[in-house]
Amino acid sequence: MRLNVLILPGDGIGAEVTREAVKVLEHVARQFQHQLLLSEGLLGGVAIHQTGTPLPQETVDLALKADATLMGAVGLPEFDQAPPEKRPEKGLLGIRKVLGVYANLRPVRSYKALLDSSPLKNHLVDGTDMIIVRELTGGIYYGTPRGIHEEGGETRAVNTMTYTRSEIQRVARMAFHLARNRRKKVTSVDKSNVLENSQLWRRVVVEIAAEFSDVALDHILVDNCAMQLILNPRRFDVLLTENMFGDILSDEGAVLAGSIGMLPSASIGDRKPSGAWVGLYEPVHGSAPDIAGQNKANPFGAVGSVAAMFEYSFGLKAEAAAVNRAVEEVLNSGNVTADLKPGGRPATTEEVGDAVVAAL
Ligand code: NAD
């Protein structure tokens, strides 16, 4: 298969973990005899330095041409006081918008070797394997009217939670498609006992479920979901949620995995005529200025993002499984970075990348 991939290393440890992820991508492509066409672009602080803008037009053009984009992270402390338009993070929001990615997928699974890294008891976390599907472009973060204004001698702040039927339909369909290739269960999160917005959400999800008779659907209120994620995370397979609930729940889910450096993510848009989904793949973590340039960042989130790319953008499940197996093997060997290893000599970012390739 021809794999046309854009690489956006970004800033800080973004560049370091992406280097290792690309090593893995190149190795798997060779091993499974795919033709890999890589391009590289500027995004974030590094792009501001070289071009004056966090998302240069050249990067936009490259992203639209590529089948999938692999990103590191953006953000440099020197821009912390800059206006929003001039900040590296603006590039990230921009590239998501350009690609039209409306669903954020976060696989959360527990690894045996990391059970002690989770603050939860081992028997609760062990066996966790879910994917959180968060709607990314609608809901209260984007709804209008919004703002803070004076009214009758009082200051009032307004945000609006709004969804259309079609916005719910497309992300719900994606969740059901994903469930079909997993344990065939979707749990839809809402607050339909209080919010009309959630009542529409639930109604539309039920309608979409009728298209997927092989997938089971259940509903959970968001407050109970927050509790069940901690009490019984194994009960979830595909967790479908709107934007703000997903923002909060996916960070809660992150705790289950042990370290933020472990977590991959995929932001997915519409399907292309080829059947592949448009996708932007990146580790969940940021540019970590405190450890940047020291070769000690954990690259597993970036490497896991490569696995997600194989699976979702290219439908290459064996390749994705091979990467995930290699990650697990390296974790079991104890050859891991400092965030996962409180004692003994930790491995460097580069050594972990090499170990994954060796395991492959
Ligand atoms: P961060 O994720 O960069 O770091 C938080 C903490 O986790 C730090 O102590 C860091 O050392 C540690 N950490 C993160 N990733 C790690 C890894 N792979 N291995 C080991 N340790 C790791 O979050 P922050 O400090 O809040 O933000 C730093 C910068 O990154 C800011 O400019 C922020 O805006 C940006 N940011 C970007 C993204 C993105 O590009 N998607 C996401 C979050 C934050």
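Provided above is the structure to which this section pertains.
Source: prediction; values computed, not measured. Every chain's residues receive numbers from 1 upward, in the order its sequence appears when written. Only residues with pLDDT of 70 or above have their local features reported here, since the model is predicted, and side-chain atom pairs are shown and tallied only from 80 upward, although totals for entire chains, interfaces and linings are computed over all residues. The basis for every side-chain value is the complete set of non-hydrogen atoms in the structure, without hydrogens or water.

To continue, consider the overall build of the protein. The helix count covers DSSP runs of H or I at least four residues long, the strand count covers runs of E at least two residues long, and both are numbered beginning at the N terminus. Along its length, the protein carries 12 helices and 12 strands. A compact globule built from 360 residues would reach a C-alpha radius of gyration of about 21 Å, and the protein, at 20 Å, matches this within 12%. As displayed, the protein offers around 15,600 Å² of accessible surface, 52% of which is attributable to carbon and sulfur atoms. Both charge centroids of the protein, one from 37 positive and one from 43 negative side chains, sit 5 Å from each other. Each radius of gyration is computed over the set of C-alpha atoms, and the globule rule expresses the reference value as 2.2 Å times the number of residues to the power 0.38. Using a 1.4 Å probe, the Shrake-Rupley method yields the accessible areas, and only the shown protein chains count as cover for residues. Lys and Arg are tallied as positive, Asp and Glu as negative. Neither His nor the chain termini are counted. By convention, charge coordinates are those of NZ in Lys, CZ in Arg, CG in Asp, or CD in Glu.

Next up on the list: the pattern of salt bridges. Salt bridge, as applied in this entry: a Lys or Arg side-chain nitrogen positioned within 4 Å of an Asp or Glu carboxyl oxygen. With the rule as written, the count across this model stands at 21 salt bridges. Of the charged contacts in the structure, one is a salt bridge between Glu 282 and Arg 96, with a shortest N-O distance of 3.3 Å. With Glu 282 in strand E12 (residues 277-283) and Arg 96 in helix H4 (residues 88-99), this pair connects stretches of sequence that are 186 residues apart. Relative accessible area serves as the criterion here: at 6%, Glu 282 is assigned to the buried category. Ionic pairing is found between Arg 173 and Glu 211, a salt bridge with its closest N-O pair at 2.9 Å. Of this pair, Arg 173 sits in helix H6 (residues 165-180) while Glu 211 is found in the loop between helix H7 (196-209) and strand E9 (216-221), placing the two residues 38 residues apart along the sequence. Burial classes: relative accessible area under 20% of the type maximum marks a residue as buried, over 50% as exposed, and values in between as partly exposed (1.4 Å probe, protein chains only).

Glancing now at the site of the ligand. Note on definitions. A residue lies near a molecule or strand when any single heavy atom of the residue is within 4 Å of it. In the vicinity of the ligand lie 21 residues, with Glu 89, Gly 286, Ala 288, Asp 290 and Asn 298 positioned nearest. Here an oxygen atom of the ligand sits 2.9 Å away from a polar atom, N or O, in the main chain of Val 74. Protein contacts shield 68% of the accessible area of the ligand, which totals 810 Å² for the unbound molecule. Of all the elements in the fold, those that place two or more residues in the shell around the ligand are strand E3 (68-73) and H4. Residue composition of the shell around the ligand, grouped by class: 11 nonpolar, six polar and four charged. Pairs of N or O atoms are called polar contacts if they sit within 3.5 Å, as long as, within protein, a hydrogen donor faces a hydrogen acceptor (for residues adjacent in sequence, only side-chain-to-side-chain pairs). Polar here means any residue outside two lists: the nonpolar Ala, Val, Leu, Ile, Met, Phe, Trp, Tyr, Cys and Pro, and the charged Asp, Glu, Lys and Arg; Gly therefore counts as polar.

This part covers the nonpolar core. In terms of nonpolar packing, the biggest core is built from 69 residues, with Leu 105, Phe 300 and Tyr 312 touching the most fellow members. By residue number, the principal contributor to this core is helix H10 (residues 300-312), which donates nine residues. Each domain's extent is set by a domain assignment, obtained either automatically or from a database. Taken together, domain 1 (1-107 + 260-360) and domain 2 (119-257) each give at least three residues to this core, which thus spans both. Setting aside anything within four residues of it in sequence, one finds Phe 300 in contact with Gly 261, Met 262, Val 327, Val 330, Leu 331, Val 336, Leu 340, Val 352 and Val 356. Leu 115, Ile 140, Phe 245 and Leu 256 belong to the second largest nonpolar core, which has 18 residues in total. Only buried residues count toward a nonpolar core. Its members are Ala, Val, Leu, Ile, Met, Phe, Trp, Tyr and Cys residues joined through side-chain atoms within 4.5 Å. The contact rule is simple, with two residues in contact once any of their heavy atoms fall within 4.5 Å.

Attention shifts here to helix H11 (residues 317-333). How far a helix is expected to stretch is found by multiplying one less than its residue total by 1.5 Å. With 17 residues, H11 extends 24 Å between its outermost C-alpha atoms, agreeing within 8% with the 24 Å of an ideal straight helix rising 1.5 Å per residue. Among the residues of H11, those classed as buried are Glu 319, Ala 320, Ala 322, Val 323, Ala 326, Val 327, Val 330 and Leu 331. Along its buried surface, H11 packs onto helix H1 (13-31), H10 and helix H12 (349-359). Gly 334 lies just past H11 and shows a positive phi near 80 degrees.

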